[in-house]
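So you can see what is in the structure, the chains are spelled out below.
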Amino acid sequence: MARIEFNDVAHSYLRNPKKEADYAIKTISNCWDDGGSYALLGPSGCGKTTLLNIISGLVTPTKGRVLYNGVDVTALPPEKRNIAQVFQFPVLYDTMSVYDNLAFPLRNRHIENKEVDKRVQQVAEILDLTSFLQDRAAGLAADAKQKISLGRGLVRSDVAAILFDEPLTVIDPYLKWLLRRKLKEIHEQLKLTMIYVTHDQMEALTFAEKVVVMYEGEIVQTGTPEDLFENPEHRFVGYFIGSPGMNFLECRLDGNVAYVNGTGIKLETKTADAAQNARGKMELGIRPKYLEISSKPVENGLEAAVKNLEDLGSYKIVTVMLQNKILHAWLPEDSPVPSGKAWIIFPPQKTKLYADGRLVK
């Protein structure tokens with residue numbers, strides 16, 4: 001396995017990049033620890049696949065260095081980096097049997113037949129491919145083919161890292177859930193370094209120990225799923241993680257009170273103190289789960305108009321209008337549902353403040 005480091009890595013697909021906007025990957029310094037499981041999460045076009053291809057050697061960065069266990073591999077091609085990569089669509093040999101597809105990466109490295117058979121049987125059992133081992137790959141369904149492709153990445157025990165580029169796109173939702181669970185089990189058993197690219201927050205949050213969130217070519221936050229939900233360090237993380245995402249309200253500060261169109265919302269003292277040195281556009285942020293809502297007037301409650309209700313079974317989402325701003329609030333299944341008017345409360349300990357999209361702390 002390997003510890004993978006980026007030292008001031010940046011990349012542009014232009015021949016002579018001159019400004020920041022010319023770079024698909026802005027300057028990144030980051031570390032993926034040996035044996036860790038990571039998800040690269042972000043919307044299409046944010047730079048996830050480019051970053052993964054820099055790790056693998058398919059792309060040489062315009063600037064900076066890539067290190068594997070402290071050794072500079074920036075100029076090395078993929079075959080010299082000892083990595084396995086699983087792509088969005090299956091990569092396999094249709095004319096070969098499932099067994100031979102799984103065995104190929106090992107035979108290509110002249111591994112003894114006994115060890116080849118042991119590894120193939122082990123991976124086939126993990127991926128529920130044992131009954132298909134003698135079948136030709138060409139005759140299998142798309143999901144089975146992708147499992148073979150996953151198996152070809154997992155069968156080698158000597159790799160520095162396994163890189164997954166949206167590998168479950170062609171697989172149905174239930175099987176996706178099963179395979180994510182399998183990958184997590186494999187990581188726990190073998191302690192392989194795994195980096196998994198996805199735009200699906202559910203995939204990222206259920207697979208990885210740590211999630212690396214990307215936005216417009218930058219890594220804006222790395223953390224556990226709980227970190228990203230409870231303390232989003234960038235406005236985009238608050239918006240992208242959670243369904244619905246974080247509520248944001250533009251505001252101005254006066255002491256420890258944030259004013260939204262004249263309506264005052266009290267902040268924690270430590271947040272207000274930290275904001276004294278903050279500059280730029282100021283916004284409040286609060287998760288729908290923590291925005292309290294009442295059908296009756298309450299102390300510190302702000303009157304709002306109820307616009308919509310979504311009953312999602314185990315909970316409800318209430319949409320309200322506060323000072324011409326749309327907000328979402330989470331209600332437990334058995335809570336009374338306000339109609340017409342509602343009073344909302346911003347608990348200070350759950351209310352965040354952002355300056356130009358960055359968390360004030």
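Please refer to the structure placed before this passage.
Residues take numbers from 1 onward in each chain, read along the sequence in its written order. In view of the model being predicted, local features appear only for residues whose pLDDT reaches at least 70, and side-chain atom pairs are presented and counted only at 80 or more, with totals across whole chains, interfaces and linings using the full set of residues. For the side-chain quantities, the full set of heavy atoms in the structure was used; hydrogens and water were omitted.

Draft legend 1. Structural view of the overall build of the protein chain. Numbered from the N terminus, helices here are DSSP runs of H or I no shorter than four residues, and strands are runs of E no shorter than two. Looking only at helices and strands, one finds 9 helices and 22 strands in the protein chain. Along the first, second and third principal axes, the C-alpha set of the protein chain runs to 75 × 50 × 30 Å. A burial count over the protein chain gives 50% of its 361 residues as buried. Taking the contacts inside the protein chain whose residues are at least 6 apart along the sequence as the reference set, 66% of them involve residues at least 24 apart. Three exposure classes are used, based on accessible area relative to the maximum for each residue type with a 1.4 Å probe and protein chains only: buried under 20%, partly exposed in between, and exposed over 50%. Contacts are assigned to residue pairs that have any heavy atoms within 4.5 Å of one another.

Draft legend 2. The side chain of Asn-53, seen in detail. Within the fold, Asn-53 resides in helix H1 (residues 48–56). Apart from residues no more than four positions distant in its own chain, Asn-53 is found in contact with Leu-58, Val-59 and Gln-85.

Draft legend 3. Spotlight on the sheet that holds strand E13 (residues 257–260). Here, strands pair whenever DSSP counts at least two bridges between them. Strand order in the open sheet formed by 3 strands is E12-E13-E14, and the pairing between neighbours is antiparallel. Each edge of the sheet is formed by a strand with only one pairing partner; in this case those strands are strand E12 (252–254) and strand E14 (263–266). This sheet shows a mean twist of 35 degrees between the axes of neighbouring strands, independent of strand direction. Pairing analysis gives 4 bridges linking E13 to E14, with the strands arranged antiparallel. Inter-axis angles, ranging from 0 to 180 degrees, are taken between N-to-C directions of lines fitted to C-alpha atoms, where helices are fitted over the stretch in contact.

Draft legend 4. View of the pairing of strand E10 (residues 218–223). The pairing of strand E9 (residues 210–215) with E10 spans 5 bridges and is antiparallel. The partner of Val-213 across the bridge, within E10, is Gln-221. Following E9, the chain reverses through 2 residues before pairing antiparallel with E10; Glu-216 in that reversal takes a positive phi of roughly 50 degrees.

Draft legend 5. Focus on a nonpolar patch on the surface. Patches in this entry comprise residues that are over 30% relatively accessible and not in a salt bridge; like charges within 9 Å are linked, as are nonpolar side chains (Val, Leu, Ile, Met, Phe, Trp, Tyr) within 5 Å. Residue burial considers only the protein chains on display, and all accessible areas are found by Shrake-Rupley using a 1.4 Å probe. When a carboxyl oxygen of Asp or Glu lies within 4 Å of a side-chain nitrogen of Lys or Arg, that pair is called a salt bridge. Together, Leu-58, Phe-87 and Val-91 make up an exposed nonpolar region whose accessible area comes to about 250 Å². By secondary structure assignment, the location of Leu-58 is in the loop between H1 and strand E4 (63–68).

Draft legend 6. Fine view of unusual backbone geometry. For the bond running from Ser-243 to Pro-244, omega is -5 degrees, close enough to zero to count as cis. Positive phi, normally seen in glycine, also occurs at His-110, with a value near 60 degrees. Within the secondary structure, His-110 is located in the loop between helix H2 (98–107) and helix H3 (113–126). The backbone of Glu-216 sits at a positive phi, close to 50 degrees, despite the residue not being glycine.

Draft legend 7. Quick peek at the pattern of salt bridges. The final tally for this structure, using the stated rule, is 10 salt bridges. For Glu-5, the salt bridge goes to Arg-3, with nearest N and O atoms at 3.0 Å. Arg-3 gets classed as partly exposed once you look at its relative accessible area, which sits at 34%. Between Asp-72 and Arg-65 there is a salt bridge, with the nearest N and O atoms lying 3.8 Å from each other. Relative accessible area serves as the criterion here: at 38%, Asp-72 is assigned to the partly exposed category. Three or more residues joined by partner-sharing salt bridges are found here, namely Arg-3, Glu-5 and Asp-33.

Draft legend 8. Inspection of the packing of helix H4 (residues 142–154) against helix H5 (residues 173–190) at higher detail. Contact pair H4 / H5: the axes reach a minimum separation of 12 Å and the direction vectors enclose 10 degrees. By the angle between their directions, the pair H4 and H5 is classed as roughly parallel. On H5, the residues touching Asp-143, Lys-147, Leu-150 and Leu-154 of H4 are Leu-175, Leu-179, Leu-183 and Ile-186. Here the contact of H4 with H5 is built from residues that sort into 6 nonpolar, no polar and 2 charged. Working rule for angles: under 35 degrees goes down as roughly parallel, over 145 as roughly antiparallel, 65 to 115 as roughly perpendicular, anything else as oblique. In the scheme used here, Gly and all other residues not listed as nonpolar or charged are polar, with Ala, Val, Leu, Ile, Met, Phe, Trp, Tyr, Cys and Pro taken as nonpolar and Asp, Glu, Lys and Arg as charged.

Draft legend 9. Focus on the packing of aromatic side chains. A pair of Phe, Tyr and Trp rings is counted when the ring centres sit within 6.5 Å of each other, with Trp represented by its six-membered ring. The angle between the planes then sorts it: under 30 degrees is stacked, over 60 is edge-to-face, the rest tilted. Inspection of the entire model under this criterion finds 10 aromatic pairs. An angle of 20 degrees between the planes, with centres 4.9 Å apart, marks the rings of Phe-236 and Phe-240 as stacked. Taken together, the positions of Phe-236 and Phe-240, both in helix H8 (residues 235–240) and 4 residues apart, correspond to about one turn of that helix. Exposure remark for Phe-240: the relative accessible area of 17% places this residue in the buried category.

Draft legend 10. H4, seen in detail. For H4, which comprises 13 residues, the first-to-last C-alpha distance of 18 Å matches the rise-based estimate of 18 Å (1.5 Å per residue) to within 8%. The set of residues buried in H4 consists of Ala-144, Lys-145, Gln-146, Lys-147, Ile-148, Ser-149, Leu-150, Gly-151, Arg-152, Gly-153 and Leu-154. Elements in contact with the buried residues of H4: strand E6 (83–86), H2, H3, strand E7 (161–165), H5 and strand E8 (194–198). Each helix should span, by expectation, one fewer than its residue count multiplied by 1.5 Å.

Draft legend 11. Inspection of the nonpolar core at higher detail. Each nonpolar core is a collection of buried residues, namely Ala, Val, Leu, Ile, Met, Phe, Trp, Tyr and Cys, held together in the definition by side-chain atoms within 4.5 Å. One finds Val-120, Leu-127, Ile-148, Leu-154 and Phe-164 to be the most contacted residues of the largest nonpolar core, which totals 48 residues. Not counting residues up to four positions away in its chain, the partners in contact with Val-120 are Tyr-99, Leu-102, Ala-103, Leu-133 and Val-155. Listed in part, the 29 residues of the second largest apolar core include Ile-286, Val-320, Phe-346 and Val-360.

Draft legend 12. Structural detail: H1. Counting buried positions along H1 gives 8 out of 9 residues, so the element sits mostly inside the fold. Along H1, the positions that sit buried rather than exposed are Lys-48, Thr-50, Leu-51, Leu-52, Asn-53, Ile-54, Ile-55 and Ser-56. Of the residues trailing H1, Gly-57 is marked for its positive phi of about 100 degrees.

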